[in-house]
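# Observations on chain architecture
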Amino acid sequence: MEAQDAQDARRFAAVDIGTVTCRMLVADVVGGRVVPLAKEYAITNLGEGVDASGELLDEAMERVARTIDRYLAVRDALSTPEHPVLKTACVATSAARDARNASEFARMLADRGLALAVIPGEQEAALSFAGASAEFPGERILVVDVGGGSTELIVGLAGAAPQKAHSFDIGCRRVTERFLASDPPAASELCAARAWCAEQFAAYFEELPEGARPDRMVAVAGTATTAVSIREGMETYDSDRVHGARVSLEELEGITRRLAALPLEERAQVVGLDPGRAPVITAGLLILEEVMRAAGVGAFTASESDILQGMVLRAAQG
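Everything numeric in this text was worked out from a predicted model, so none of it was measured.

The rules behind each value
Residues numbered from 1 in each chain as written. Predicted model: local features only at pLDDT ≥ 70, side-chain atom pairs only at ≥ 80, totals over all residues. Heavy atoms only, no water. Helix = DSSP H or I, 4+ residues; strand = E, 2+ residues; numbered from the N terminus. Expected span 1.5 Å × (residues − 1). Buried < 20%, exposed > 50% of the residue type's maximum accessible area, 1.4 Å probe, protein only. Salt bridge = Lys/Arg side-chain N within 4 Å of Asp/Glu carboxyl O. 1 Å grid on protein atoms, 1.4 Å probe; cavity = no way out; pocket = protein on both sides within 12 Å on 5 of 7 lines; lining within 4 Å. Points joined across faces, edges and corners; volume = space filled by probe spheres on them. Nonpolar A, V, L, I, M, F, W, Y, C, P; charged D, E, K, R; others polar. Pairing = 2+ DSSP bridges. Axes fitted to C-alpha atoms, helices over the stretch in contact; angles between N-to-C directions. Contact = heavy atoms within 4.5 Å.

### Things to note about helix α13 (residues 281-295)
The terminal C-alpha atoms of α13, which comprises 15 residues, lie 21 Å apart, in line with the 21 Å expected from a rise of 1.5 Å per residue. Counted residue by residue, α13 has 13 buried out of 15 residues, so it is predominantly covered. Immediately downstream of α13, the backbone of Gly296 shows phi near 70 degrees, a positive value.

### Considerations on the pattern of salt bridges
Tallied over the entire structure, the rule returns 25 salt bridges. One salt bridge connects Arg63 with Glu48, and the closest N-O pair in it is separated by 2.9 Å. Of the two residues, Arg63 is situated in helix α3 (residues 58-78) and Glu48 in the loop between β3 (33-43) and α2 (50-53); the sequence distance between them amounts to 15 residues. A residue is classified by how much of its surface remains accessible, and Arg63, at 24% relative accessible area, is partly exposed. As a salt-bridge pair, Glu124 and Arg97 come within 3.0 Å of each other at their nearest N and O atoms. Taken together, the residues span a long stretch of sequence, with Glu124 in helix α6 (residues 121-133) and Arg97 in helix α4 (residues 94-98) at a distance of 27 residues. A cluster of three or more residues bridged by salt bridges with shared partners is formed by Arg194, Glu253, Glu289, Glu290 and Arg293.

### As for the layout of surface pockets
Of the voids in this model, the largest pocket is the one considered here, and its volume is about 800 Å³. Lining the largest pocket we find 44 residues, and of these Arg23, Tyr41, Gly222, Thr225 and Arg277 sit closest to its centre. Every element with two or more residues in the lining of the largest pocket is listed here: β2 (21-30), β3, β6 (140-146), α9 (222-231) and α14 (307-316). The element that contributes the greatest number of residues to the lining of the largest pocket is α9, accounting for five residues. In terms of residue class, the lining of the largest pocket is made up of 14 nonpolar, 18 polar and 12 charged. For the second largest pocket, the lining is made up of 15 residues, of which Val34, Pro36, Glu135, Ser305 and Gln309 are closest to its centre. Secondary-structure elements contributing two or more residues to the lining of the second largest pocket are β3, α10 (239-242) and α14. It is β3 that provides the largest number of residues to the lining of the second largest pocket, a total of four residues. Looking at side-chain class alone, the lining of the second largest pocket contains four nonpolar, six polar and five charged residues.

### Details of the sheet that holds strand β11 (residues 299-303)
Strand pairing in a sheet relies on backbone hydrogen bonds, with the paired strands running either antiparallel or parallel. Pairing is mixed across the open sheet formed by six strands, whose spatial order is β8-β7-β6-β9-β11-β10. One side of each edge strand has no neighbouring strand; the edge strands of this open sheet are β8 (164-168) and β10 (246-248). With direction set aside, neighbouring strand axes in the sheet form an average angle of 25 degrees. In this sheet, strand β7 (residues 151-157) lies alongside β6 in antiparallel orientation, the contact comprising seven bridges. When the sheet's bridge partners are listed, Val143 is paired in β7 with Ile154. Running at roughly 55 degrees to β7, α6 makes contact with β6, β7, β8 and β9 (216-220) of the sheet.

Here you go:
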């Protein structure tokens, strides 16, 4: 960063509490650009059992709270007199939207000085689009965010407001808990899951105006980045190699077939896969495949820029 840029930088933090993961970004905003300083990631499974029970488990909320405590220590170490962290944005998505006791979770975070916003799917989609689209100026893109409880599809011109966005109650944990009961999943279970996803995604693309068809599909979040990591056999995750990587539909199908054939114990040992994601990764890859088929695209571009970058940009705007 140039000396003048460093002087003009404003520092923000963003915490995204999803159904499966909890993540934090601390970053400087300089002239509309997001410059990451620290990124934290943990699988906390806040949404465990929510699809069936409608409530967040006490132990799941405690897992997230312990993770947040660790994240806040990282944030505070980066908040200096010269560059204090001006604001910490904190959102929760699908699991908290679905849970009757989300207010209890919000109180736990308020005790830690965080004001939790349980955001609707449309806002989640807009933030993901803002974060992912910045690197593709002038392109009409489809941003796909496969989460634990929901999947967001957003089409628009990069840098502009989304043209069509929708949040589907389709996510890797939700699909796993509803359909994939066997270990490894039975062929009939996989077929039922695919059919459920395909029907809903098809309607989205059928309603797109002809001129709105995307030139590129950009996939954010853990399912997409894990597909790259597995394909490359990464023993240590390398975000520089993942960001911008292109994965063809044929390659994705091969990864899905391979993982779907393995029992959980063996799946967790696959190089490139975080073992904590092993219980839900088959469903995540399946969802991503069905989006690609419905969109009629032959490949996706993986992006490390997602809702966290969008949250930081929104915080910087006021």
